[in-house]
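# Geometric and topological summary
Spelled out, the chains give:
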Amino acid sequence: MFSAMGEVLTSENLIFLLKGAGLSLAMAVLSLLIGLVLGTLGASAKISKNRILRCIGNVYVEIIRGTPMMVQLLIMSLVIFASSRNYTMIGILALGINSGAYVSEIVRSGLMSVDPGQMEAGRSLGMNYFTTMRFIVIPQAIKNILPALGNEFITLLKDTSLITVIGGKEMTYAAKAVIAKTYQGLFPLFGIALMYLLLVMLFSKLLGVLERRLRQSDRR
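Only a predicted model underlies this, so the values are computations on that prediction, with no experimental measurement involved. (Residues numbered from 1 in each chain as written. Predicted model: local features only at pLDDT ≥ 70, side-chain atom pairs only at ≥ 80, totals over all residues. Heavy atoms only, no water.)

### A short note on the overall build of the protein
A tally of helices and strands in the protein yields nine helices and zero strands. Starting at the N terminus and ending at the C terminus, the protein contains elements arranged as α-α-α-α-α-α-α-α-α. Principal-axis analysis of the C-alpha atoms gives the protein an extent of 75 × 45 × 20 Å. In the protein, buried positions account for 38% of the 220 residues. Partitioning the intrachain contacts of the protein with sequence separation of at least 6 by distance along the chain shows that 76% fall at a separation of at least 24. (Helix = DSSP H or I, 4+ residues; strand = E, 2+ residues; numbered from the N terminus. Buried < 20%, exposed > 50% of the residue type's maximum accessible area, 1.4 Å probe, protein only. Contact = heavy atoms within 4.5 Å.)

### Notes on the environment of Gly20
Structurally, Gly20 can be placed in helix H2 (residues 11–46). Spatially, the C-alpha atom of Gly20 lies 28 Å from that of Arg65, the residues being 45 residues apart in sequence. Ignoring sequence-local partners within four residues, the contact set of Gly20 consists of Glu170, Met171 and Ala174.

### What about the pattern of salt bridges?
All told, the structure shown has three salt bridges when counted by the stated rule. A salt bridge links Lys46 to Glu105, with the shortest nitrogen-to-oxygen separation between them at 2.6 Å. Placement of Lys46 in helix H2 and of Glu105 in helix H5 (residues 87–112) is noted, with a sequence separation of 59 residues between them. As far as burial versus exposure is concerned, Lys46 and Glu105 are alike and both buried. Its salt-bridge partner being Glu105, residue Arg108 comes within 3.0 Å of it at the nearest N-O pair. With Arg108 and Glu105 both in helix H5 and three residues apart, this pair spans about one turn of that helix. The class for Arg108 is partly exposed, based on a relative accessible area of 27%. Judged by its relative accessible area of 16%, Glu105 is buried. (Salt bridge = Lys/Arg side-chain N within 4 Å of Asp/Glu carboxyl O.)

### Some details on helix H8 (residues 171–182)
End to end, H8 covers 17 Å across 12 residues, agreeing with the expected 16 Å (1.5 Å per residue, within 8%). Along H8, the residues classified as buried are Met171, Thr172, Ala174, Ala175, Val178 and Thr182. The buried residues of H8 occupy an angular sector of 155° when projected down its axis, which confines them to one face. Downstream of H8 by one or two residues, Tyr183 has phi in the positive range, about 60°. (Expected span 1.5 Å × (residues − 1). Arc of directions from axis to C-beta.)

### Regarding a nonpolar patch on the surface
Side chains of Val71, Leu74, Ile75, Leu78, Val79, Ile80, Phe81 and Val165 sit close together on the surface and give an oily, nonpolar patch of about 700 Å² of accessible area. Tracing the sequence through the fold places Leu78 in helix H4 (residues 69–80). (Patch = residues over 30% accessible without salt bridge, like charges linked within 9 Å, V, L, I, M, F, W, Y side chains within 5 Å. Areas by Shrake-Rupley, 256 points an atom, 1.4 Å probe, with all protein chains shown as cover.)

### Overview of the nonpolar core
Side chains of a nonpolar character, in soluble globular proteins, are inclined to be buried together. By size, the foremost hydrophobic cluster in this structure holds 25 residues, and its most contacted members are Leu17, Leu73, Ile163, Met171 and Ile192. Per element, the largest residue contribution to this core is five residues, and it comes from H2. Not counting the four nearest positions on each side in its chain, Leu73 is found in contact with Gly91, Ala94, Leu162, Ile163 and Ile166. Listed in part, the 12 residues of the second largest apolar core include Val107, Leu111, Val137 and Leu149. (Core = buried A, V, L, I, M, F, W, Y, C linked by side-chain atoms within 4.5 Å.)

### Some words on the layout of surface pockets
Within this model, the largest pocket holds a volume of roughly 730 Å³. Lining the largest pocket are 24 residues; nearest its centre among them are Ile47, Leu111, Tyr129, Met133 and Val137. The set of elements that each furnish at least two residues to the lining of the largest pocket consists of H2, H5, helix H6 (116–124) and helix H7 (129–159). At 10 residues, H7 tops the list of elements feeding residues into the lining of the largest pocket. Of the residues belonging to the lining of the largest pocket, the class tally is 19 nonpolar, three polar and two charged. (1 Å grid on protein atoms, 1.4 Å probe; cavity = no way out; pocket = protein on both sides within 12 Å on 5 of 7 lines; lining within 4 Å. Points joined across faces, edges and corners; volume = space filled by probe spheres on them. Nonpolar A, V, L, I, M, F, W, Y, C, P; charged D, E, K, R; others polar.)

Dropping the structure here:
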């Protein structure tokens with residue numbers, strides 16, 4: 001057992017796994033950025049007075065949230081981008097589109113949580129709709145949105161492991177490469193499980209600190 005552990009835990013393999021962890025983090029960040037853009041657009045469409053925009057927003061959210069992430073990844077890699085071999089970017093895009101549906105609901109609920117009187121107050125001061133949203137409504141909504149976005153990032157970080165199914169390079173891909181090289185599955189898999197756990201615990205701790213500070217600022 002110890003000889004197998006020594007075979008796996010070489011400096012070369014550890015560096016390879018750490019690079020995979022860095023790739024997973026980068027992919028989660030990029031996916032969340034895509035999700036933020038799509039989610040903001042989706043939330044704007046869902047609260048719009050335009051019936052067509054509301055319909056588009058609702059269809060997007062319902063389809064994405066109603067189908068498995070794995071199926072979406074396979075459709076993106078084998079159908080929509082079948083001619084591409086950049087599986088990592090395809091995976092990021094798929095995760096971003098999936099995240100956008102959830103972020104849309106986060107943003108919408110954050111905007112709806114702001115007292116409607118804030119919008120009326122801004123309009124009574126002569127501001128137009130977009131100026132009122134930018135300077136009055138959105139800054140207040142951000143406090144309600146940030147904790148939920150933190151949880152979405154943690155979910156995305158774990159979901160990056162699915163990208164290995166289509167050939168994307170991330171932490172699980174690195175573990176599979178180490179397994180193929182050493183013919184040892186136990187330590188690489190438990191190793192990345194520990195790395196995922198530590199990263200999730202770290203970001204959960206940071207999220208808790210953020211939530212406490214937001215609550216303290218509300219009291220002031």
